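Spelled out from the first residue to the last, the chains are:
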Amino acid sequence: MSTPDSMQVSVWRGGPDGGRFQSFDVPRYESQTVLDVVAWIQQEADPTLSYRFACRVGMCGSCAMMVNGVPRWTCRTHVQKVLDANRMEIAPLRNLPIIKDLAANMDPFFEKWVQAGGVFEGTETRTDGYAPIVHEDADRANADAGIECINCSICYAACDTVTGNPEFLGPAALNRAWTLINDAKDGSRDRVLDAVSSKGGCHACHSMGNCQQYCPNGLNPLTAIAGLKRATARRALRGR
Amino acid sequence: MEMRLYLLQRISAIVMAPLVLGHIAVMIYAVQDGLTAEEILGRTQGSVLWALFYGTFVVAVAIHAAIGLRTILHEWFGVRGVALNGFAGATCFGLLAMGLNAVAAVTVTP
């Protein structure tokens, strides 16, 4: 079957106060990504279209958007994979305020990383030697499983608990907390466990698993959150 | 408080699970010879064991359901603060009062 020469792309246009979808007829190319489509619209059809991207190779986590209602990293998503009856709908990330068009405001997402105790707290000084990292240790394996997060906010956009409970810290921030308490070099275990036990912390998660399903890097924040629930429950049962 | 509510809801679930199985097992056993009020009351009235069994169940249900409904009310309808905790407390108290009243009705010897 031959590929059609063009496709119909619906792009959300507007700002914090609302907006609407605008249709564009975009030429199709081989190996075209969703980010290529957005870039074509901005460069060839409407230079006022706002969107965010940086690396274009799936490392920076800047270009995530809702594609046909699903959060995706647009630079690594092939048009061929998501096109539905030669149509595609592109919108800003869900669960975040909109700045303009396809650019979502990531501030709440990153603020929650800090709220979840996500700041590394070293236990040694710069004059100490390198801390050995033993990948065979169970704690280190837990940390290793979660540290490839690129902060793209796809899990946050996919999470229905965030939608229902805006105070919920979200999968990425809690995944970060879990990697920290499993990092032997970090000295903030109690501070992190306090942070994730507060209102909107790990106990608000309903274990629906959208985070794990949509994470483009194949991480599993659901497992991280389950780990936090166990760690905080053990600590509480010991009376701390 | 979230941590405590989380633990309370899990612990109450752990308490309920064997009681539900016990309840169902006794139901299946009890209906073998037909089911009459007389037969049920003959088994339960004056029984400290059944009073404790269902009394414990009512307490666990009241705690578990109140916390669960509190979460739903917060996430679906945005209720918070005093209204939210007031609703949860009233639900817990209401279920306790109705449940313990029912337990007393079938276990206390007239």
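Calculation notes
Here the residue index of a chain counts from 1 through its sequence in written order. Chain letters and ligand numbers both follow the written order, the letters beginning at A and the numbers at 1. Note on the predicted model: pLDDT of at least 70 is required for a residue's local features to be given, and 80 or more for side-chain atom pairs to be given and counted; whole-chain, interface and lining totals, by contrast, use all residues. Here a helix means four or more residues in a row that DSSP labels H or I, a strand means two or more in a row labelled E, and each is numbered from the N terminus. Residues with at least 20 other C-beta atoms within 10 Å of their own are called buried, those with 12 or fewer are called exposed, and the rest are partly exposed. The C-beta atoms themselves are positioned from the backbone. By the criterion used throughout, residues are in contact when their C-beta atoms, derived from the backbone, lie within 7 Å. For this measure, only C-alpha atoms enter the radius of gyration; the expected value for a globule follows 2.2 Å times N^0.38, where N is the number of residues. Only strands that DSSP links by at least two bridges are regarded as paired with each other. Fitting a line to C-alpha atoms yields each axis, with helices limited to the stretch in contact; the angle taken between N-to-C directions then spans 0 to 180 degrees. Orientation labels follow simple angle bins: below 35 degrees gives roughly parallel, above 145 gives roughly antiparallel, 65 to 115 gives roughly perpendicular, and whatever is left gives oblique. By convention, the crossing between two helices is left-handed when the near helix turns anticlockwise from the far helix through less than a right angle, and right-handed when the turn is clockwise. Each residue gets one of three labels, nonpolar for Ala, Val, Leu, Ile, Met, Phe, Trp, Tyr, Cys and Pro, charged for Asp, Glu, Lys and Arg, and polar for the others, Gly among them. Start and end positions for the domains come from either an automated domain assignment or a database one. A set of buried Ala, Val, Leu, Ile, Met, Phe, Trp, Tyr and Cys residues, joined to one another through C-beta atoms within 7 Å, is what we call a nonpolar core. The span one expects for a helix is its residue count, reduced by one, times 1.5 Å. Confidence scores per residue from the predictor, reported as pLDDT, run from 0 to 100.

So, about the overall build of chain A. The secondary structure content of chain A amounts to 10 helices and 7 strands. Overall, chain A is about 65 × 35 × 35 Å in size when its C-alpha atoms are taken along their principal axes. By residue count, 41% of the 240 residues in chain A fall in the buried class. Nonlocal contacts in chain A, meaning residues at least 24 apart in sequence, comprise 64% of its contacts between residues at least 6 apart.

From N to C terminus, chain B includes 4 helices and 0 strands. The linear arrangement of helices and strands in chain B, starting from the amino end, is α-α-α-α. Here the C-alpha atoms of chain B give a radius of gyration of 17 Å, more than 25% beyond the 13 Å that 2.2 N^0.38 yields for 110 residues. Oriented by its inertia axes, the alpha-carbon framework of chain B measures out at about 50 × 25 × 20 Å. Looking at chain B as a whole, 15% of its 110 residues qualify as buried. At a minimum sequence separation of 6, the contacts of chain B that also span at least 24 residues come to 78%.

All names here are of chain A. Pairing within the open sheet is mixed, and its 5 strands lie in the order E2-E1-E5-E3-E4. Every other strand in the sheet has two partners, leaving strand E2 (18–27) and strand E4 (70–73) as the edge strands with one partner each. Neighbour-to-neighbour, the strand axes of the sheet open up by a mean angle of 30°, direction not taken into account. Bridge count for strand E1 (residues 6–15) against E2 is 10 bridges, and the pairing is antiparallel. From the neighbouring strand, glycine 14 faces E2, where its bridge partner is glycine 19. Against the sheet, helix H1 (residues 34–45) engages E1, E2, strand E3 (64–67), E4 and strand E5 (87–91), with an angle of about 95° to E2.

All right, on to the packing of helix H3 (residues 48–77) of chain B against helix H4 (residues 81–107) of chain B then. Residue and element names in this part refer to chain B. One way to put it is that H3 packs onto H4 with a least axis distance of 8 Å and a crossing angle of 160°. Classified by the interaxial angle, the pair formed by H3 and H4 is roughly antiparallel. As H3 runs across H4, the sense of the crossing is right-handed. For the contact of H3 with H4, the residue count by class is 21 nonpolar, 5 polar and 1 charged.

Another aspect to go through is the domain arrangement of chain A. Residues and elements named next belong to chain A. Per the domain assignment, the segments of chain A are domain 1 (6–104) and domain 2 (107–237). Spacing between the C-alpha centres of domain 1 and domain 2 amounts to 29 Å. Facing 15 residues of domain 1, the contacting portion of domain 2 comprises 15 residues. Secondary structure elements with two or more residues in the side of domain 1 that touches domain 2: E3 and E4. For the side of domain 1 that touches domain 2, the leading source of residues is E4, giving 4 residues. Here the side of domain 1 that touches domain 2 is composed, by residue class, of 9 nonpolar, 3 polar and 3 charged.

Take the nonpolar core next. If you look at the biggest cluster of nonpolar residues, it comprises 63 residues, and the most contacted ones within it are Met65, Ile90, Leu174, Ala177, Val196 and Leu228 of chain A. Taken domain by domain, the makeup of this core includes at least three residues from each of domain 1 (6–104) and domain 2 (107–237) of chain A. With residues up to four places along the chain from it excluded, the contact list for leucine 228 of chain A reads Leu174, Ala177, Trp178, Val196 and Cys202 of chain A. Ranked by size, the runner-up nonpolar core spans 9 residues in total, among them Tyr54, Ala62, Ile63 and Ala66 of chain B.

Our next topic: the interface of chain A and chain B. By a frequent convention, interface size equals the accessible area lost on bringing the separate parts together. The partner chain B presents 7 residues to the 11 residues of chain A that form the contact. Examining the composition of the side of chain A that touches chain B, we find that 3 residues originate from one element, helix H10 (residues 221–237) of chain A, more than from any other. In terms of residue class, the side of chain A that touches chain B is made up of 3 nonpolar, 7 polar and 1 charged.

It is worth spelling out the environment of valine 20 of chain B at this point. Residue and element names in this part refer to chain B. With respect to the element layout, valine 20 can be found in helix H1 (residues 2–30). Accessibility expressed as a C-beta count within 10 Å gives 12 for valine 20, which makes it exposed. When the C-alpha atoms of valine 20 and phenylalanine 57 are compared, they prove to be 8.2 Å apart, with 37 residues separating the residues in sequence.

All names here are of chain A. H10 packs onto helix H7 (residues 171–181) with a crossing angle of 60° between their chain directions and a minimal axis gap of 8 Å. Between H7 and H10, the angle falls in the class oblique. Handedness of the crossing formed by H7 with H10: left-handed. On H10, the residues that touch Pro171, Ala172, Leu174, Asn175, Ala177, Trp178 and Ile181 of H7 are Pro221, Ala224, Ile225, Gly227, Leu228 and Ala231.

The subject of this paragraph is H4 of chain B. Because the α-helix completes a turn every 3.6 residues, residues three or four places apart line up on one side. Residue and element names in this part refer to chain B. Compared with the 39 Å implied by 1.5 Å per residue over 27 residues, the 39 Å span of H4 between its first and last C-alpha is a close match. Those residues of H4 that fall on the buried side of the exposure criterion are Ala88, Cys92, Val103 and Thr107. The secondary structure elements touched by the buried residues of H4 are helix H2 (37–44) and H3.

The next thing to look at is the confidence of the model for chain B. On average, residues of chain B score 93 in pLDDT, and 100% of them are at 70 or above. Reported confidence for the predicted complex is 0.80 by ipTM and 0.89 by pTM.

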